[in-house]
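Commentary on secondary and tertiary structure
Letter by letter, the chains look like this.
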Amino acid sequence: MDSIRDGVYVAALVIWVGAVLFLSFVVAPTLFQTLPPEEAGRAMSSMFPTYYLIGNICGGLLLLAGWLRRRAGDRSPAGKRLLWVVSLMLACNVYAGAVLQPRAAELKSSMRDEDSGGEARAAFAAVHRQAMALNAAVMLGGCAAVALASLQLRRAEN
């Protein structure tokens, strides 16, 4: 049971952090370098529901596996910190996916409907900045989580 729990723990962390890094450093730059901005934005927007769902599932699995590790006797400081980091990452991901992403989609629609689109464009830019900041927080948290999990699991082996 411990090996299954730890396998889920590591897999969820690797999948989530990998997805964040891949979308941020490969997919988004490639789309915006090869497609017109409007098409690249539509393509990115179509990926976000799945992107946030992956983060939510992985974050939930990480919290569950981490909690099970603690119940099984793991009282390492790295394990406790990891749970806090993952909780913050998950909160950022849930907010971005449940609040910011729908708001951005609504504003994009308003920008197409309005003649000038000025107000909607400014609001979209603000929501986009918030989403990018939360994505950066999840990315940095993910890097910290990988380091903490490595410490935690290495200590558990000894």
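Scroll up for the structure.
Presented here is an overview of the structure given in this document. (Residues numbered from 1 in each chain as written. Predicted model: local features only at pLDDT ≥ 70, side-chain atom pairs only at ≥ 80, totals over all residues. Heavy atoms only, no water.)

1. What about the packing of aromatic side chains?
- Scanning the model with the defined rule gives three aromatic pairs in all.
- Consider the rings of Phe48 and Tyr51, whose centres lie 6.3 Å apart with planes at 65°: the pair is edge-to-face. Taken together, the residues span about one helical turn, with Phe48 and Tyr51 both in helix H2 (residues 37-71) at a distance of three residues.
- Judged by its relative accessible area of 9%, Tyr51 is buried.
- Pairing Tyr51 with Tyr52 gives two aromatic rings, centres 5.2 Å apart and planes at 65°, and the pair type is edge-to-face. Comparing Tyr51 with Tyr52, the two get one shared label, buried. (Phe/Tyr/Trp six-rings, centres within 6.5 Å; stacked < 30°, edge-to-face > 60°. Helix = DSSP H or I, 4+ residues; strand = E, 2+ residues; numbered from the N terminus. Buried < 20%, exposed > 50% of the residue type's maximum accessible area, 1.4 Å probe, protein only.)

2. Observations regarding the environment of His128
- For His128, the location among the structural elements is in helix H4 (residues 118-157).
- Owing to a relative accessible area of 38%, His128 belongs among the partly exposed residues under this scheme.
- Placed 28 residues apart in sequence, His128 and Leu100 show a C-alpha to C-alpha distance of 7.9 Å.

3. Remarks on a nonpolar patch on the surface
- On the surface, Ile4, Val8, Leu53, Ile57, Leu61, Leu64, Trp67 and Leu68 cluster together into a nonpolar patch covering about 700 Å² of accessible area.
- Looking at the nonpolar patch, the elements with two or more residues in it are helix H1 (2-34) and H2.
- Position of Leu61 among the secondary structure elements: in helix H2. (Patch = residues over 30% accessible without salt bridge, like charges linked within 9 Å, V, L, I, M, F, W, Y side chains within 5 Å. Areas by Shrake-Rupley, 256 points an atom, 1.4 Å probe, with all protein chains shown as cover. Salt bridge = Lys/Arg side-chain N within 4 Å of Asp/Glu carboxyl O.)

4. As for a positive patch on the surface
- Residues Lys80, Arg81, Arg154 and Arg155 make up a contiguous surface patch of positive charge.
- Those elements that provide at least two residues to the positive patch are helix H3 (77-113) and H4.
- By secondary structure assignment, the location of Arg155 is in helix H4. (Lys, Arg positive; Asp, Glu negative; His and termini not counted. Charge placed at Lys NZ, Arg CZ, Asp CG, Glu CD.)

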